[in-house]
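Per-entry structural report
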Amino acid sequence: MAVKEVKDKSKYKRKPEAKEEAESRGQRQKQQKVERQRAEPAGELKLQVRKLWETLRRGDLDAEVRKAKMNEMMQLLEGHIKEITFKHDMSRVMQTCLKYGNDEQRSQIARELMGMYLDLSRSLYGRHILIRMLKYCSKYRAEIIKAFYGSVRKLVRHKDAAVVLEECYAVYANAQQKWDLVAELYGNEFAVFKNTAKSLDAILEASPQKRDTAMNSLKTTLVPLLEKGTVQYSIVHRALLDYLRFADAKGRQEVIETMRELVVEILHTREGAHAGMLCLLHGTPKDRKAILKSFKPYLQRVCCEEYGYAVLVEALDCIDDTVFVNKAVLQDVCGMMGELLNDQYGRRIPLYILSGRHPHFVGSDALKILADGDAVRAQTSKKDPALRRKELTAFVSPSMVQWAAENTSKAIFDAQPSQAVNETLLRAHGDKAAAWQRVLDLIHMDIGQLGNAHVLLNASSNRVVTNCIIAEHTQPKGADASLPSLPETNPRFGTDVLQALEDSGQLVAAACAGAFPVRALLDSPVTGARTRRLLQPHKERIAEAMRSASRTRVFEAILQQL
């Protein structure tokens, strides 16, 4: 066996003289760098500021020490802020001073930079200073916003300035300032002559002849932005919305064709979502399909957006090809049904399909936009709304019924998930016996032991049981005329609840606890007579329970029936 030769590594070790030479070279390079920095304009000042900043920026610095360092820093910077601001490292210094300085020190920075706000917004590093000033220098916000007047059309196309403009418009500007900024996109007349109006609606109501001028200017501004894909800013969303609302059919269609792949990028704002809904409402079938396809990679995020969900609602309301809608949207919606039904906004998609334009499940803004578009929808959508909803319900019902069967035992006690249980039990198609059995199992549990946590007494769950009992004999009142009747295959809700209470011997206990479902059983033409017969002998016991109860309204209704 050959012996492996061991290499002598000592020859690779750096010799002492070579090590000293490398260290000396490093020191010379550092010294040369410092000399180059000193040679720059205000170089000595920058070196002093940078050294002090290394201490000031520490998060664990004592408050008194930070105060002293800030005073020292401002003494150094006084009168020199303009000349050093646009450098990368000095931008960081300014941001730290604005963050940790007091009001007077922040105002000093803002005063010295006055007149340079527009230049700062266009600077890769300066824009961060301006954003900090907007946050910390409230006295100078109006001056910063005013500096943008007359330059908005150029700034909105500038990659750095557009970020500051968005911060001004979306976060800090009041209604009048917002209008003064966005008005410039409607034409030179609006840019030069500031108006007390706060919307294009008010302008066109007073001067309808200005409509064509405003629309032409808007289109000239918007089309390059759309072609470039620069649509993420809310000031652009407002301009888009106004154009889609007031443009003629031809101009509107041209813009929709240009932006149909970009709708998914504007759904995070109120105006953007409204514009997206109008694109679907006025678009051709080809436009609608293109818009919906673009949602697919981001579907869960769109469903759970505060405003974005409404655009999907509009799609469900106006697209006739329900098979395509199922493939493009609903199959994925069904795959994440659990996550959506537990989300404040995500749940609105499946619940809209089941329950239509119910104010509990669709926001008031979205409901108004949907109602305003009914006249247009009647012309652009040929399918009967009731048939469309029936087909959509058939697609989502299996996954909703499965979710209810697996989650009712817990979801029924939660305010928002209980609404999903309620609508699934009442309106979904298919066999709901498993989900309903979970409710009956909860009814069998001991009222005396659980108290207000029992399914008949809990604020959320008792409403579900009551609604189901009523639905056995009366169609629920719907806010949407396109809602079909309840499925004939629904369980016999009231009859089953009464039987469960009889089997568990808890009907009297439920009445003595003031359970709303007991009142519903008495009011029902299906179960009323039988329930009265069972409770009549215990009338005094129920009256006794009422005398010790803090709320007597339910007891009075029960006793009145007896």
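The structure presented is a predicted model; accordingly, all values stated were derived computationally and were not measured.

This part is about the overall build of the protein chain. A tally of helices and strands in the protein chain yields 37 helices and 0 strands. For the protein chain, whose C-alpha radius of gyration is 34 Å, the value lies well above the compact-globule estimate of 24 Å for 562 residues. Dimensions along the principal axes, computed over C-alpha positions, put the protein chain at roughly 105 × 85 × 75 Å. Every one of the 562 residues in the protein chain was classed for burial, and the buried ones make up 49%. Counting contacts in the protein chain only where the partners sit at least 6 residues apart, residues at least 24 apart contribute 70% of the total. If you sum the accessible surface of the protein chain, you get close to 28,300 Å²; carbon and sulfur atoms cover 49% of it. Looking at charge distribution, the protein chain has the averaged site of its 85 positive side-chain charges lying 3 Å from that of its 70 negative ones.

Averaged over the protein chain, the pLDDT score is 85; the fraction of residues at 70 or greater is 90%. Looking at the elements of the protein chain, mean pLDDT is at its lowest for helix α1 (residues 16–39), recorded as 58, and at its highest for helix α18 (residues 270–282), recorded as 94.

The N-to-C vectors of helix α32 (residues 493–504) and helix α35 (residues 528–535) enclose an angle of 20 degrees; their axes lie 11 Å apart at closest approach. When the axis of α32 is compared with that of α35, the two are roughly parallel. α32 and α35 meet at a crossing whose hand is left-handed. Contact residues: Leu 498, Gln 499 and Glu 502 in α32; Arg 530, Thr 531 and Leu 534 in α35. In terms of residue class, the contact of α32 with α35 is made up of 2 nonpolar, 2 polar and 2 charged.

Right, let's talk about α35 for a bit. Looking only at α35, the buried set comprises Gly 528, Thr 531 and Leu 535. With its buried residues spanning 70 degrees around the axis, α35 presents them on a single face. Seen from the buried face of α35, the exposed residues on the opposite side, beyond 90 degrees, are Ala 529 and Arg 533. Buried positions along α35 lie against α32, α33 (507–512), α34 (516–523) and α36 (539–547).

With that out of the way, let us pick up the pattern of salt bridges. Counted according to the given criterion, the structure contains 25 salt bridges. One salt bridge connects Arg 270 with Asp 365, and the closest N-O pair in it is separated by 2.3 Å. Taken together, the residues span a long stretch of sequence, with Arg 270 in helix α18 and Asp 365 in helix α25 (residues 364–372) at a distance of 95 residues. Arg 270 gets classed as partly exposed once you look at its relative accessible area, which sits at 44%. Between Asp 374 and Arg 377 there is a salt bridge, with the nearest N and O atoms lying 2.5 Å from each other. Here Asp 374 and its partner Arg 377 are both found in helix α26 (residues 374–380), 3 residues apart, which amounts to about one turn of the helix. You can call Asp 374 partly exposed: its relative accessible area is 34%. By relative accessible area, which is 6% here, Arg 377 ends up buried.

Contact geometry for helix α28 (residues 415–427) and helix α31 (residues 461–471): axes closest at 9 Å, N-to-C directions at 15 degrees. On the basis of their axis angle, the class for α28 and α31 is roughly parallel. Here α28 and α31 pass one another in a crossing that is right-handed. Contacts between α28 and α31 involve Ser 418, Val 421, Asn 422, Leu 425 and Leu 426 from the former and Arg 463, Val 464, Asn 467, Cys 468 and Ala 471 from the latter.

Before going further, it helps to spend a moment on the packing of aromatic side chains. For the coordinates displayed, the defined rule picks out 3 aromatic pairs. Between the aromatic rings of Tyr 309 and Tyr 345, the centroid separation amounts to 6.3 Å while the plane-to-plane angle is 25 degrees, which identifies the pairing as stacked. With Tyr 309 in helix α21 (residues 309–318) and Tyr 345 in the loop between α23 (337–341) and α24 (348–355), the pair connects residues that are 36 residues apart, well separated along the chain. On the accessibility criterion, Tyr 309 (3% relative accessible area) is buried. The positively charged end of Arg 66 is found above the aromatic ring belonging to Tyr 100, 3.9 Å away from the centroid. Across the ring face of Phe 324, the terminal group of Lys 289 is positioned such that the distance to the ring centre comes to 5.4 Å.

This part takes up the nonpolar core. Core analysis: the biggest nonpolar cluster contains 172 residues, and Met 133, Ile 235, Leu 292 and Phe 295 have the highest contact counts within it. Once residues lying within four places of it in the same chain are set aside, the contact partners of Phe 295 are Val 263, Val 264, Leu 267, Val 311 and Leu 312.

Quick reminder: α-helices carry 3.6 residues per turn. Residues three or four places apart thus point the same way. Burial analysis of α24 places 8 of its 8 residues in the buried class, the great majority of the element. Packing partners of the buried residues in α24 comprise α20 (299–303), α21, α22 (322–335), α23, α27 (385–411) and α28. Positioned one or two residues after α24, Gly 356 has a phi angle of 70 degrees, which is positive.

About the cut-offs
- Residues numbered from 1 in each chain as written.
- Predicted model: local features only at pLDDT ≥ 70, side-chain atom pairs only at ≥ 80, totals over all residues.
- Heavy atoms only, no water.
- Helix = DSSP H or I, 4+ residues; strand = E, 2+ residues; numbered from the N terminus.
- Rg over C-alpha atoms; globule rule 2.2 N^0.38 Å.
- Buried < 20%, exposed > 50% of the residue type's maximum accessible area, 1.4 Å probe, protein only.
- Contact = heavy atoms within 4.5 Å.
- Areas by Shrake-Rupley, 256 points an atom, 1.4 Å probe, with all protein chains shown as cover.
- Lys, Arg positive; Asp, Glu negative; His and termini not counted.
- Charge placed at Lys NZ, Arg CZ, Asp CG, Glu CD.
- pLDDT = per-residue confidence, 0-100.
- Axes fitted to C-alpha atoms, helices over the stretch in contact; angles between N-to-C directions.
- Parallel < 35°, antiparallel > 145°, perpendicular 65-115°, else oblique.
- Left-handed = near helix turned anticlockwise from the far one by under 90°.
- Nonpolar A, V, L, I, M, F, W, Y, C, P; charged D, E, K, R; others polar.
- Arc of directions from axis to C-beta.
- Salt bridge = Lys/Arg side-chain N within 4 Å of Asp/Glu carboxyl O.
- Phe/Tyr/Trp six-rings, centres within 6.5 Å; stacked < 30°, edge-to-face > 60°.
- Lys NZ or Arg CZ within 6 Å of the ring centre and 35° of its normal.
- Core = buried A, V, L, I, M, F, W, Y, C linked by side-chain atoms within 4.5 Å.

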